[in-house]
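Residue-level structure breakdown
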Amino acid sequence: MSLRVLPSLSSAVTDDQVRRKKRIVMFVPGLVAFAVYRVSKQVLPLSDPFALLSVSGTISALTALVSYLVGREISAARLLPEDGLNRAGWIVGWIGFVYGVQLSLLVLALLWLVGYDYLRHPDGPAMMAVIIACTAVARDAFEIGHVRKLTVLGRPFPTFPDGAAFRRLVMTSPLSLGRWLAAGVVLCGGVAALSGSPLIQLTGVTLLGGSIALAAYFGGLDTARPWFQALAATRWTELTKYWWWPGLAFASTYYLVAMGGILFALQRPTVSPLLGSLAGALVGGMMAAYCYYLGHRRNVEDGVLGTIPEALLRCPFVMGMLGKNTQSQVARRMPPSESMLSKPVSEV
């Protein structure tokens, strides 16, 4: 989500040259995933949800590794010495396998909503679940690899999209984060419990989860005043943009993933109000907490990078200066407990 919302990351992965390369990176793994699916279909029971998710996760894990190396522009032999075992494991395990399984569940749930049930007609949904998951994983792993490459070259990124900054926020501001998380859990869990059909549950969680995410974003963006004052001072076009993305888009995505887990991993015939409530609480809490974090990181970015034009950020001389000076700027803005003086800017 941070790759889509935070300006420094978004501008880095939407450059025209990067986009052209990214299209190729997404296209090739999609073809490979189709071929692997056709072969696996002959030897594995892909009509079984666990077999399908295992195959999808495995293909996605390999795709994430290769796509990260392409974006990083290094060979596999240099990965562990330069990036370390933890980052390599995170790419393969989380961005690859876990994310691939989540995306497969998303596809299966979406097709189930429109009447194309994987358990009754496994071939079409299974193929789409594998291919779509693989191409999305390839995109994100490539983008993360590209950001990592720019970081090594000296371009400053106050937030690297590996969750480290989020974990630090949990440790340093548990009460502020916890209030938003609790609001998301109670409200989204409640609206899902009161809803009837899965489609109504999805609609309710999407609208309410997206709205809570918007409020939480402004709560993290400006902690000096109430979130509704910061929201009221923002143009409606900007509010609509953040309400739609990441609010509505990701709330619906994560709830569909939860629905897919209930329907196919748990193999329940439908999403009951109780299970829907638990899924809604999970999605609402996650959206509220993470969007509060995104607002907090946007505030940090504005203080660190200011209004430096993108063209200057691409200049090697400017990147080198910023790489040396940004650490001290972050330290002056933050309290000693949050300054992370011993860390480079890419980890702050």
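Residues numbered from 1 in each chain as written. Predicted model: local features only at pLDDT ≥ 70, side-chain atom pairs only at ≥ 80, totals over all residues. Heavy atoms only, no water.

Assigned secondary structure in the protein consists of 14 helices and zero strands. In sequence order, the secondary structure elements of the protein are arranged as α-α-α-α-α-α-α-α-α-α-α-α-α-α. The proportion of buried residues among the 348 residues of the protein is 49%. Total accessible area on the protein is roughly 16300 Å²; 67% of this is exposed by carbon and sulfur atoms. (Helix = DSSP H or I, 4+ residues; strand = E, 2+ residues; numbered from the N terminus. Buried < 20%, exposed > 50% of the residue type's maximum accessible area, 1.4 Å probe, protein only. Areas by Shrake-Rupley, 256 points an atom, 1.4 Å probe, with all protein chains shown as cover.)

Let's shift gears to the pattern of salt bridges. According to the stated counting rule, one finds 16 salt bridges in the structure shown. The residue Glu82 makes a salt bridge to Arg72 at a minimum N-O spacing of 3.1 Å. Taken together, the residues span a long stretch of sequence, with Glu82 in helix 5 (residues 76-113) and Arg72 in helix 4 (residues 49-72) at a distance of ten residues. Asp83 is the partner of Arg72 in a salt bridge, and the nearest nitrogen-oxygen pair spans 3.0 Å. Taken together, the positions of Arg72 in helix 4 and Asp83 in helix 5 put the pair eleven residues apart, joining distant regions of the chain. Relative accessible area serves as the criterion here: at 4%, Arg72 is assigned to the buried category. Take Asp83: its relative accessible area is 9%, and that puts it in the buried class. Through salt bridges that share partners, Arg4, Lys22, Arg139, Asp140 and Glu143 make up one connected network. (Salt bridge = Lys/Arg side-chain N within 4 Å of Asp/Glu carboxyl O.)

A few words on the packing of helix 3 (residues 16-43) against helix 4. Packing of helix 3 against helix 4 brings their axes to within 11 Å, and their N-to-C directions diverge by 150 degrees. Classified by the angle their axes make, helix 3 and helix 4 are roughly antiparallel. Pair helix 3 / helix 4 crosses with right-handed handedness. Residues Lys21, Val25, Pro29, Ala33, Val36 and Ser40 of helix 3 lie in contact with helix 4, whose contacting residues are Val55, Ile59, Thr63, Ser67 and Val70. Its residues placed into classes, the contact of helix 3 with helix 4 shows seven nonpolar, three polar and one charged. (Axes fitted to C-alpha atoms, helices over the stretch in contact; angles between N-to-C directions. Parallel < 35°, antiparallel > 145°, perpendicular 65-115°, else oblique. Left-handed = near helix turned anticlockwise from the far one by under 90°. Contact = heavy atoms within 4.5 Å. Nonpolar A, V, L, I, M, F, W, Y, C, P; charged D, E, K, R; others polar.)

Let's shift gears to empty space enclosed by the protein. What the rule picks out here adds up to two cavities of 30 Å³ or more. Considering only enclosed or pocket space, the second largest cavity measures out at about 40 Å³ in volume. What lines the second largest cavity is simply Ala213, Leu214, Tyr217, Tyr242, Pro246, Gly247 and Cys291. Classifying every residue of the lining of the second largest cavity gives six nonpolar, one polar and no charged. (1 Å grid on protein atoms, 1.4 Å probe; cavity = no way out; pocket = protein on both sides within 12 Å on 5 of 7 lines; lining within 4 Å. Points joined across faces, edges and corners; volume = space filled by probe spheres on them.)

On to the packing of aromatic side chains. For the coordinates displayed, the defined rule picks out ten aromatic pairs. With a centroid separation of 5.8 Å and an interplanar angle of 75 degrees, the aromatic rings of Tyr118 and Phe264 are classed as edge-to-face. With Tyr118 in the loop between helix 5 and helix 6 (123-153) and Phe264 in helix 11 (residues 236-265), the pair connects residues that are 146 residues apart, well separated along the chain. By relative accessible area, Phe264 is classed as buried at 1%. For the pair Trp227 and Phe228, a centre-to-centre distance of 5.8 Å together with 80 degrees between the ring planes defines the contact as edge-to-face. Relative accessible area serves as the criterion here: at 47%, Phe228 is assigned to the partly exposed category. (Phe/Tyr/Trp six-rings, centres within 6.5 Å; stacked < 30°, edge-to-face > 60°.)

Our next topic: the nonpolar core. Counting residues in hydrophobic clusters, the biggest one holds 83 residues, and the most contacted among them are Ile144, Tyr255, Met259 and Met287. When sequence neighbours within four positions are dropped, the list of residues in contact with Tyr255 reads Ala192, Gln201, Leu202, Val205, Val271, Gly276, Ala279, Gly280 and Val283. (Core = buried A, V, L, I, M, F, W, Y, C linked by side-chain atoms within 4.5 Å.)

Let's shift gears to a nonpolar patch on the surface. Together, Ile24, Phe27, Val28, Leu31 and Val32 make up a nonpolar patch on the protein surface, roughly 490 Å² of accessible area in all. Looking at the element boundaries, Val32 is found in helix 3. (Patch = residues over 30% accessible without salt bridge, like charges linked within 9 Å, V, L, I, M, F, W, Y side chains within 5 Å.)

With respect to the helices, strands and loops of the structure, Ala126 is situated in helix 6. Expressed as a C-alpha distance, the spacing of Ala126 and Asp48, which sit 78 residues apart in the sequence, is 9.7 Å. Every residue in contact with Ala126, bar those within four places of it in the chain, is listed here: Tyr37, Leu46, Leu52 and Tyr118.

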